[in-house]
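Per-entry structural report
Chain residues, written in single-letter form:
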Amino acid sequence: MKEKRTKIQVVLTDELVGQEITVMGWVRTKRASKNVAFIALNDGSTINNLQVVADAEKFGEDILRRITTGASISATGKIVESQGAGQACELVAESIEVFGEADPDKYPLQPKKHSLEFLREIAHLRPRTNTFSAVMRVRHALAFAVHKFFNDKGFFYINTPIITSSDAEGAGEAFKVTNFDLNNIPKTEEGQVDYAQDFFEKESNLTVSGQLEGELAAMALSEIYTFGPTFRAENSNTTRHLAEFWMIEPEMAFYDLQDNMDLAQEMLKYLVKYALDNCADDLAFLEKRIIEEEKNKPQAERSEMTLTERLKFVLDNDFERVSYTEAIEILKNSKPNKKKKFSYLIEEWGADLQSEHERYLVEKHFNKPVILYNYPKDIKAFYMRQNEDGKTVGAMDILFPGIGEIVGGSQREERLDLLTTRMQEMDIPADEMSWYLDTRRYGAVPHSGFGLGFERMILFVTGMGNIRDVIPFPRTPGNCEF
Ligand code: ATP
Ligand code: MN
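Each chain has its residues counted from 1, running along the sequence as written. Starting at A for chains and at 1 for ligands, labels are handed out in the order in which the entities are written. Residues qualify for local features only when their pLDDT is at least 70, as the model is predicted, and side-chain atom pairs are given and counted only at 80 or more; totals for whole chains, interfaces and linings, by contrast, use all residues. Each side-chain value is derived from all of the structure's non-hydrogen atoms; neither hydrogens nor water enter the calculation.

What about the overall build of the protein?
By the criteria applied, helices consist of DSSP H or I runs no shorter than four residues and strands consist of E runs no shorter than two, each listed in order from the N terminus. When helices and strands are tallied, the protein shows 14 helices and 16 strands. For the protein, the C-alpha atoms occupy an extent of roughly 85 × 55 × 45 Å along the three principal directions. A buried classification covers 49% of the 482 residues belonging to the protein. Only heavy atoms enter the contact rule, under which two residues are in contact if any of them lie within 4.5 Å. For the protein, long-range pairs separated by at least 24 residues make up 67% of all intrachain contacts whose partners lie at least 6 apart in sequence. The protein chains shown are the only cover counted for residues, whose accessible areas, like all others here, come from Shrake-Rupley with a 1.4 Å probe. Total accessible area on the protein stands at roughly 24300 Å², and carbon and sulfur atoms take up 48% of it. Charge convention: Lys and Arg are scored as positive, Asp and Glu as negative, and His as well as the terminal groups of each chain are ignored. All charge positions are set by atom: Lys at NZ, Arg at CZ, Asp at CG, Glu at CD. Positive and negative charge centroids in the protein, built from 58 and 77 side chains respectively, lie 6 Å apart. Partly exposed residues are those whose accessible area sits between 20% and 50% of the maximum for their type, while under 20% is buried and over 50% is exposed, using a 1.4 Å probe and protein chains only.

Quick look at the nonpolar core
Residues Leu283, Met396 and Ile398 are the most contacted members of the largest nonpolar core, which totals 67 residues. The split of the chain into domains comes from an automatic or database domain assignment. Structurally, this core is a two-domain feature, drawing no fewer than three residues from each of domain 1 (8-109) and domain 2 (128-173 + 208-469). Dropping the residues within four chain positions of it, leucine 283 is found in contact with Val138, Ala275, Leu276, Leu307, Leu311 and Val461. In this description, a nonpolar core means a group of buried Ala, Val, Leu, Ile, Met, Phe, Trp, Tyr and Cys residues linked to one another through side-chain atoms lying within 4.5 Å. Counting residues in hydrophobic clusters, the runner-up holds 30 residues, among them Leu212, Val322, Ile346 and Ile428.

Focus: the pairing of strand 4 (residues 72-81)
For strand 4, the tally of buried residues reaches seven of ten residues, placing the bulk of the element in the interior. Two strands pair if DSSP finds at least two bridges between them. Of the pairings in the sheet, the one linking strand 4 to strand 5 (residues 89-100) comprises ten bridges and is antiparallel in character. Bridge pairing links glycine 77 to alanine 93 in strand 5.

Some thoughts on the sheet that holds strand 8 (residues 176-177)
Pairing within the open sheet is antiparallel, and its three strands lie in the order 7-9-8. Looking along the sheet, the strands with just one partner apiece sit at the ends: strand 7 (163-164) and strand 8. Sheet topology note: the strand 7/strand 9 (residues 204-206) ladder contains two bridges and is antiparallel. Counterpart to threonine 164 in the pairing with strand 9 is asparagine 205.

Some points on the pairing of strand 10 (residues 223-231)
Among the nine residues that make up strand 10, eight are buried, leaving the element largely enclosed by the rest of the structure. Bridge count between strand 6 (residues 156-157) and strand 10: two bridges; the pairing is parallel. If you follow phenylalanine 156 over to strand 10, its bridge partner there is isoleucine 224. Two elements, strand 10 and strand 11 (residues 244-253), share nine bridges in a ladder whose sense is antiparallel. Paired with proline 229 across the bridge in strand 11 is tryptophan 246.

Some points on the packing of helix 4 (residues 130-153) against helix 7 (residues 280-294)
Geometry is summarised by axes, namely lines fitted to C-alpha atoms with helices restricted to the contacting stretch, and by angles between N-to-C directions that run from 0 to 180 degrees. Running from N to C, helix 4 and helix 7 point in directions that differ by 135°, and their axes come no closer than 9 Å. For the element pair helix 4 / helix 7, the angle class is oblique. Seen from above, helix 4 lies across helix 7 with left-handed handedness. Within the contact between the two elements, helix 4 uses Asn130, Thr131, Ala134, Val135, Arg137 and Val138 and helix 7 uses Asp282, Leu283, Phe285, Leu286 and Arg289. Under the grouping applied here, Gly and all other residues not named as nonpolar or charged are polar, the nonpolar ones being Ala, Val, Leu, Ile, Met, Phe, Trp, Tyr, Cys and Pro and the charged ones Asp, Glu, Lys and Arg. Split into classes, the residues belonging to the contact of helix 4 with helix 7 amount to six nonpolar, two polar and three charged. Between 65 and 115 degrees an angle is taken as roughly perpendicular, under 35 as roughly parallel, over 145 as roughly antiparallel, and anywhere else as oblique. Rotating anticlockwise by less than a right angle from the far helix to the near helix defines a left-handed crossing, while the corresponding clockwise rotation defines a right-handed one.

Focus on the side chain of threonine 22
The residue threonine 22 is located in strand 1 (residues 20-32) in this model. For threonine 22, a relative accessible area of 2% puts it in the buried group. Definition of a polar contact: a pair of N or O atoms within 3.5 Å, with one able to donate and the other able to accept a hydrogen when the atoms are protein atoms, and with sequence-neighbouring residues admitted only if both atoms are side-chain atoms. Side-chain polar atoms of threonine 22 contact the side chain of threonine 76, separated by 2.8 Å.

Some words on the domain arrangement of the protein
When the parts of a complex come together, some accessible area is lost, and that lost area is often used as the size of the interface. Per the domain assignment, the segments of the protein are domain 1 (8-109) and domain 2 (128-173 + 208-469). Averaged C-alpha coordinates put domain 1 and domain 2 at centres separated by 44 Å. On the domain 2 side, the residues contacting the ten residues of domain 1 number eight residues. For the pair domain 1 and domain 2, the summed buried area comes to about 780 Å², and 46% of that belongs to carbon and sulfur atoms. Summed over both partners, buried area is the accessible surface (1.4 Å probe) that two parts give up on being assembled. Summed over the three residues of domain 1 that lose the most area to domain 2, namely Arg28, Ile47 and Leu109, the buried surface amounts to 61% of that side. By convention in these notes, a salt bridge is any Lys or Arg side-chain nitrogen within 4 Å of a carboxyl oxygen on Asp or Glu. Across the contact surface, domain 1 and domain 2 share zero salt bridges. Counting the contacts that link domain 1 with domain 2 gives six residue pairs in polar contact (both at pLDDT 80 or more). Of the residues that constitute the side of domain 1 that touches domain 2, the class distribution is four nonpolar, five polar and one charged.

As for the site of ligand 1
Nearness is defined per residue: one heavy atom within 4 Å of the molecule or strand is enough. Around ligand 1, the surrounding shell holds 15 residues, and the nearest of these are Glu234, His241, Glu405, Ile406 and Arg456. Leucine 242 is positioned with one of its backbone polar atoms (N or O) 2.9 Å from a nitrogen atom of ligand 1. Relative to its unbound accessible surface of 590 Å², ligand 1 loses 80% to contact with the protein. For the shell around ligand 1, the secondary structure elements donating two or more residues are strand 11, strand 15 (404-412) and strand 16 (447-453). The dominant element in the shell around ligand 1, judged by the number of residues it contributes, is strand 15, at four residues. Here the residues of the shell around ligand 1 are counted per class, giving six nonpolar, four polar and five charged.

Written out as structure tokens, the structure is:
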């Protein structure tokens, strides 16, 4: 017979003292004395454990021996005010059922601190740790907040395809999709792969962005957003890149670049505020964790603000809006540039900015989030709106402390002639993009949009250092386990 289960989060927040309830979860630790065992039980509903008190004589060696770190149990009993420090209430067990044992000699998660690197090797078990369960709960809260933010503004959530045949942006960064027998690939007479015989009868790949399709929807529904998986076969082994990540891409008719920046800033602040308001316990845990970690670092590398202070700082400050041209001047005259400390020195207008430059602007020069706009057209995508100066496009990137680029967006080129000329210059075949160009042929309007990397947002909010630690199953070069 199965008892009705109460979640530990409810037990710890509601006044349940005196009531008899059943809790179920996984044992974090067990401390046993001669007469009594104290079991710290966690069911994932909160970072906090419920203490289950089990009388040694009542339950006997046989049961208590099976209750070890990692084992799963159900415990029924009365909630009483706790005698011990650290918790308001505890459960005095009347009955305990052991669902599954976890051999203490083999269970990989010992009740001690494990390195994040080690935990990545056992990604199937790491949600059982405090750190990962906290990150996963924050991840959920932020995903929910994304939908709430847009829904409350009247945006529509649309699903753009995961398999596409347009690689306009991907330029070699896209994963191919095929059902060819790879040991026996059909070839044309010229010896090229014969995609006409493949599943889609043309070359196809996993999406690198839902934007182009998102634009089509915005040209009918006005304001839309996508929130889906995105794939990039870029071989950049950094703490900020995944081969599979999630991107939020709003696209809005009738928005110019300023409107676009306003929306992005409002959204980022909304997400930060949502986490502060709804994930207090998890953020407090993560903040404590960072403070512990930083004790091992030299003074100079420690951050000046705690996690909560950093989050509040983003809430309380407007992001600095700086044109690319102004940024280049700042960087050219900066100390690390003059002393040749940057790996890529900034010499002239037109240079692409590396993350060292982005972080210098945010962390050293402005000391707050920065929106860089009006980039040289030659370092940006074909669809960005050309400015009067003939040199720049209406792009905007948002740069965050510790992260670098968190948002990339632009006003889109809605003028058919300018767009097709630019595509020619950049060798993008107009015939394959005819479906996209139709929105410029019929009822074109000024419009804008941007992409927010969901994992980079979670990195910022949780204060974690590596993007592999904010997604349940990270995919990076050489890593596709679990
Ligand atoms: P970066 O220069 O950091 O590689 P990008 O210019 O390639 O970024 P965009 O193509 O503008 O990025 O994508 C929009 C957003 O998606 C970025 O601002 C970032 O937040 C996120 N993003 C891009 N590539 C990745 C990746 N490989 N892993 C995780 N997030 C990513
Ligand atoms: Mn990139």
